[in-house]
Amino acid sequence: MVGVRPRNGWVIWLTLAFALLLSVAPMLEFMQVGRPLCVALILTYWVLALPHRVGLTTAWVLGLAQDVLLGTLLGQNALILTLITFLVLSLHQRLRMFPMWQQSMVLMVVFGLAQLVQLWLNALTGSRPPTLAFILPALVSALLWPWICVILRGLHQRLNVN
């Protein structure tokens, strides 16, 4: 790793910007309750693939941008994305060894914990009544993980991002 210059870092930022756009893209009303955590999914891929380039600072900045885009309490999504990144970095070596279905299961728990924190923050601010539907985005995101991983891995290898 010594002497290797980072290349094509713009790909990371482009995919994260695309994830931010997906997080505010309009969806049908009945699909809103299960909206996948696009930013968290793409951030998780880059944290697993390039932990030396994408970390807690990236998660915090991305979360603040998402707070501004969604109009939520400033720092709410930043806290949640930082929590997800911390958990993924803590499990980084194990997660890379797991097959895809086990990665999905672990990420469902991580995203579920993040959704629980989001529900708790929403309950504190009084903006949304607590329901069991809060876990649905974590489930949808875990189901989308294999496809996101394959797409981003192909992009990562084709453009030689390091």
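For the structure, see preceding data.
Residues numbered from 1 in each chain as written. Predicted model: local features only at pLDDT ≥ 70, side-chain atom pairs only at ≥ 80, totals over all residues. Heavy atoms only, no water.

**A word on the side chain of Q103**
Consideration 1: By the element assignment, Q103 lies in helix α6 (residues 100-125).
Consideration 2: Judged by relative accessible area, which is 7%, Q103 ranks as buried.
Consideration 3: With residues up to four places along the chain from it excluded, the contact list for Q103 reads L95, R96, F98 and W145. (Helix = DSSP H or I, 4+ residues; strand = E, 2+ residues; numbered from the N terminus. Buried < 20%, exposed > 50% of the residue type's maximum accessible area, 1.4 Å probe, protein only. Contact = heavy atoms within 4.5 Å.)

**Concerning the packing of aromatic side chains**
Consideration 1: Counted by the stated rule, this structure contains one aromatic pair.
Consideration 2: Where Y45 meets W46, the ring centres are 5.1 Å apart and the plane angle is 75 degrees; that geometry is what we call edge-to-face. Like W46, Y45 is buried. (Phe/Tyr/Trp six-rings, centres within 6.5 Å; stacked < 30°, edge-to-face > 60°.)

**Quick word on the environment of I12**
Consideration 1: The topology assignment puts I12 in helix α1 (residues 9-24).
Consideration 2: Take I12: its relative accessible area is 3%, and that puts it in the buried class.
Consideration 3: A C-alpha to C-alpha distance of 23 Å links I12 and F98, two positions 86 residues apart in sequence.

**Things to note about unusual backbone geometry**
Consideration 1: One non-glycine residue, N8, adopts positive backbone phi at about 55 degrees.
Consideration 2: Mapping N8 onto the fold places it in the segment before α1.

**Some points on helix α7 (residues 136-158)**
Consideration 1: In this model, α7 (23 residues) spans 33 Å end to end at C-alpha, consistent with the 33 Å of a helix rising 1.5 Å per residue.
Consideration 2: Along α7, the helix axis deviates most sharply at L144, where the bend reaches about 45 degrees; the proline P146 sits within four residues downstream.
Consideration 3: Every buried residue belonging to α7 is among P137, A138, S141, A142, W145, C149, L152 and H156, and all of these are buried.
Consideration 4: In the core, the buried residues of α7 are packed alongside α1, α2 (38-49) and α6.
Consideration 5: Within two residues after α7, N160 carries a phi angle of roughly 55 degrees, on the positive side. (Expected span 1.5 Å × (residues − 1). Bend = angle between axes of the 7 residues up to and from the residue.)

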